[in-house]
Amino acid sequence: MPLKQEYQLVKYRITNDMKVFLTTSGPFPNGGANANRIKCYVKGLQNQSVDYEILTTSHRAKEDSSTGFVYKRIGLDCTDKPIFIRVMAFVYNTFLLRSYLKENVKKEDIVLIYHNGIVEDCILLSLKTQCILVRELCEIPYYDDRIVSRVMRWFQLHYFFKKFSGFIAISEPLKNLAERYKNKKAQVIKIPMLIDKERFNNCRYNSFRKINGNYIFHSGSLSELKDGFIGMIEAIAEVNERGYEIHLYSTGTITSDNDISRKIHSLGIKDKIHFLGFLQEQELYEYQRGSLLFIINKLDTLQNRYCFATKLGEYLSTRKAVIATNVGEMNYFLQDNKSAYIVESGSSVLIAKKIIEALNNPERRSAIGKGGYDVARNCFCHDFQGVRLYKFLVNLKKT
C-alpha cells in the first residue's frame, strides 16, 4: 500500500481514549540515541492525536523546557553519589515509577517500557493487570559472555518476555527473538531506527564546519568491540600511506595511555586524528555536514548482529555517502554501490580502499550519498513510522 494512502487511512481511525506512557531509565530530554528515539515516537503519535507522557528515573540530563516535550523525572537525583547509593536509588526510583503509573494509568492505556534490565521488568510487570505493557527492544538483553549475563538473559527471555502484551523491535533479529519467546497473544512489530523529519528539512541548507582538507567525522562510541574505532584509525593511516591526505575528527576524549592513543602513536598519525570532546547539537551537525563521508565499522559480535546502528540515520540524512560493514540490520536497507559502500567486517584495508575509491570518484560518491538519503527518507522518517506504531498500539487494545 502506498505510504500516503496508508497514512490517510489511519487518520480516519483516530481515537482519543488512549494515552501512551513512555518510561525510561536513561536521561531525557538530552540523552543520545535512546532519547532521540523516544522523541520520534512521540512526534509520530502526536500526528495521530494521541496523548502521551514521558517518565524517566534518570536525573543525568539537564532540565530543558524548550524541547516542547511533556516529561517528568521520577525519584531521587543521586548522579554524583557513590555507586552503591546510585544502585539503591535506581531501584527506589523504579518503585516510585511503578507507584506513579499505578495511580495514573487506565485499563486502555499503553505503557511503553524503554528499559533493558531485569530489575525494571520485575518491578513494572506488576502493572500487567492495570494497563497494556509493551517492551522496547533495541538490543539483545545482557549481550556479553559473562556467566551472570547469560543467566540474566535466560530468565529475561524465558520468563519475563512471556508477560508482555507487545514488543517493538528495532531489527529483524530482535523481532524474531521476541516472536520466539513471547506468549501466544502478544504482538510484535519492527520499527527501525528513526529520524526526526526536521533533519531532512534543515540539513541541506544549514552551514557546515570549514576545515582545510578532507576529513571524516565520527560521532559514535570509541569502542573497538562496538564501533570498530581502532579499525577506523588503521584505515585512515592506510589511506595517508598511499599518498592521500585524510583526517579523522571524532567526538569524545582519550587518555594518553589507552589502546587508542597507543595505536595512533604506533601508526605515526597523531596529526591526522582529532578528538573534539562533547559537542553541542549545532556543532555536531556542522561537523557532519562538512564530512567527506562516514564510516560505520560494526564488527561481527553478538550485540552488533542484533542491534541497529542509530547513527546511520543521522549520517544518511546529510546526503553524504556511508561506508558500512556487512553486519547487522543495516544490510536489510542498504545496497552496495547504490545507497552505501558495503565492506566485509573486520578489515581496515577494505575500508581504506573504499575511502580512496570515494576520493577518486566524487560523482559516484555523491550518487551513493543521494541513494542513502532516499532510503532514510522513505524508511526511517518518524511520521511514516509513527503511523505504523499507532496502528500497532490500537490493535493491541483490541486483543
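Throughout, a residue's number is its position along its own chain's written sequence, starting from 1. Only residues with pLDDT of at least 70 get local features here, since the model is predicted, and only at 80 or more are side-chain atom pairs given and counted; chain-wide, interface and lining totals rely on the full set of residues. By convention in this description, side-chain values take in all heavy atoms of the structure and omit both hydrogens and water.

How would you summarise the sheet that holds strand S5 (residues 132-137) if you had to cite specific residues and measurements?
Pairing within the open sheet is parallel, and its 7 strands lie in the order S3-S2-S1-S4-S5-S6-S7. Looking at which strands have only one partner, the edges of the open sheet turn out to be strand S3 (71-73) and strand S7 (187-190). Direction aside, the axes of adjacent strands within the sheet are offset by 20° on average. Two strands make a pair as long as DSSP finds a minimum of two bridges between them. Strands here mean DSSP runs of E at least two residues long; helices mean DSSP runs of H or I at least four residues long; both are numbered from the N terminus. Bridge analysis of strand S4 (residues 110-114) against S5 gives 4 bridges, and the strand direction is parallel. The partner of isoleucine 113 across the bridge, within S5, is arginine 135. The contact criterion used throughout is that any non-hydrogen atoms of two residues lie within 4.5 Å. Inter-axis angles, ranging from 0 to 180 degrees, are taken between N-to-C directions of lines fitted to C-alpha atoms, where helices are fitted over the stretch in contact. With respect to the sheet, helix H6 (residues 172-181) is in contact with S5, strand S6 (166-169) and S7, its orientation differing from that of S7 by roughly 175°.

Quick one: what's the story with the side chain of glutamate 136, residue by residue and with numbers?
Mapped onto the elements, glutamate 136 comes out in strand S5. Under this definition, polar contacts are N or O atom pairs within 3.5 Å; protein pairs additionally need one hydrogen-donor-capable and one acceptor-capable atom, and for neighbouring residues in sequence, both atoms have to be side-chain atoms. For glutamate 136, the side chain forms a polar contact with the side chain of tyrosine 41, separated by 2.7 Å. The contacts of glutamate 136, once residues within four sequence positions are left out, are Arg37, Tyr41, Leu112, Ile113, Tyr114, His115 and Ile168.

Tell me about the packing of helix H9 (residues 229-241) against helix H14 (residues 348-360), and name the residues and values.
H14 packs onto H9 with a crossing angle of 50° between their chain directions and a minimal axis gap of 8 Å. Comparing their axes, H14 and H9 come out oblique. Of the two elements, H9 crosses H14, and the hand of that crossing is right-handed. Along the contact surface, H9 presents Gly231, Glu234, Ala235, Ile236, Glu238 and Val239, while H14 presents Ser348, Ile351, Ala352, Ile355, Ile356 and Leu359. All residues other than Ala, Val, Leu, Ile, Met, Phe, Trp, Tyr, Cys, Pro, Asp, Glu, Lys and Arg, Gly among them, are scored as polar; the first ten of these are nonpolar and the last four charged. Here the contact of H9 with H14 is composed, by residue class, of 8 nonpolar, 2 polar and 2 charged. For classification, angles of less than 35 degrees are called roughly parallel, those exceeding 145 degrees roughly antiparallel, those between 65 and 115 degrees roughly perpendicular, and all remaining angles oblique. Note on convention: the crossing is left-handed when the near helix lies turned anticlockwise from the far helix by less than a right angle, right-handed when the turn is clockwise.

Tell me about the packing of aromatic side chains, residues and numbers included.
A pair of Phe, Tyr and Trp rings is counted when the ring centres sit within 6.5 Å of each other, with Trp represented by its six-membered ring. The angle between the planes then sorts it: under 30 degrees is stacked, over 60 is edge-to-face, the rest tilted. Under the counting rule described, the total for this entry stands at 15 aromatic pairs. Ring plane angle 80° and centroid distance 5.0 Å describe the contact between tyrosine 159 and phenylalanine 160, whose orientation is recorded as edge-to-face. Looking at tyrosine 159, the relative accessible area reads 44%, which means it is partly exposed. With a centroid separation of 4.1 Å and 5° between ring planes, the pair formed by phenylalanine 294 and tyrosine 315 is classed as stacked. Here phenylalanine 294, found in strand S11 (residues 294-296), pairs with tyrosine 315, found in helix H13 (residues 311-316); they are 21 residues apart in sequence, far enough to count as distant. By the burial criterion, phenylalanine 294 is buried, and tyrosine 315 matches it. Here the aromatic residues Tyr215, Phe217, Tyr249 and Tyr287 are joined through ring pairs into a cluster of three or more. The ring centre of phenylalanine 28 lies 6.0 Å from the NZ or CZ of lysine 39, which sits over that ring. A cation over a ring is seen here: lysine 190 above tyrosine 332, with NZ or CZ 5.0 Å from the ring centre. Exposure categories follow from relative accessible area, calculated using a 1.4 Å probe and restricted to protein chains: below 20% of the type maximum is buried, above 50% is exposed, and the middle band is partly exposed. The rule is short: NZ of Lys or CZ of Arg within 6 Å of the ring centre and within 35 degrees of the ring normal puts a charge over the ring.

Go over the nonpolar core, please, and point to the residues and values.
Counting 54 residues, the largest nonpolar core has Leu101, Leu312 and Phe380 as the members making the most contacts within it. Looking at this core, the element that brings in the most residues is H6, giving 4 residues. Here leucine 312 is in contact with Met193, Ile296, Val322, Met330 and Leu334, once residues within four sequence places are set aside. As used in this record, nonpolar core signifies buried Ala, Val, Leu, Ile, Met, Phe, Trp, Tyr and Cys residues forming a set joined through side-chain atoms within 4.5 Å.

For the pattern of salt bridges, give the residues involved together with the corresponding values.
By definition here, a salt bridge exists when the distance from a side-chain nitrogen of Lys or Arg to a carboxyl oxygen of Asp or Glu is within 4 Å. This model, assessed by the stated rule, comprises 17 salt bridges. We note a salt bridge from aspartate 144 to arginine 146, for which the minimum N-O separation is 3.2 Å. A residue is classified by how much of its surface remains accessible, and arginine 146, at 53% relative accessible area, is exposed. Two residues, aspartate 271 and lysine 272, come together in a salt bridge whose shortest N-O distance is 3.0 Å. On the basis of relative accessibility, which here comes to 45%, the residue aspartate 271 falls in the partly exposed class. For lysine 272, a relative accessible area of 13% translates into the label buried.

How would you summarise the side chain of glutamate 329 if you had to cite specific residues and measurements?
By the secondary structure assignment, glutamate 329 is in the loop between strand S12 (322-325) and strand S13 (341-343). Judged by its relative accessible area of 1%, glutamate 329 is buried. Among the polar contacts made by the side chain of glutamate 329, one reaches the main-chain amide nitrogen of glutamate 172 at a distance of 2.7 Å. Side chain to side chain, glutamate 329 and lysine 190 meet in a polar contact 2.8 Å long. The residues touching glutamate 329, leaving out its near neighbours within four places in the chain, are Ile170, Ser171, Glu172, Pro173, Lys190, Cys307 and Phe308.

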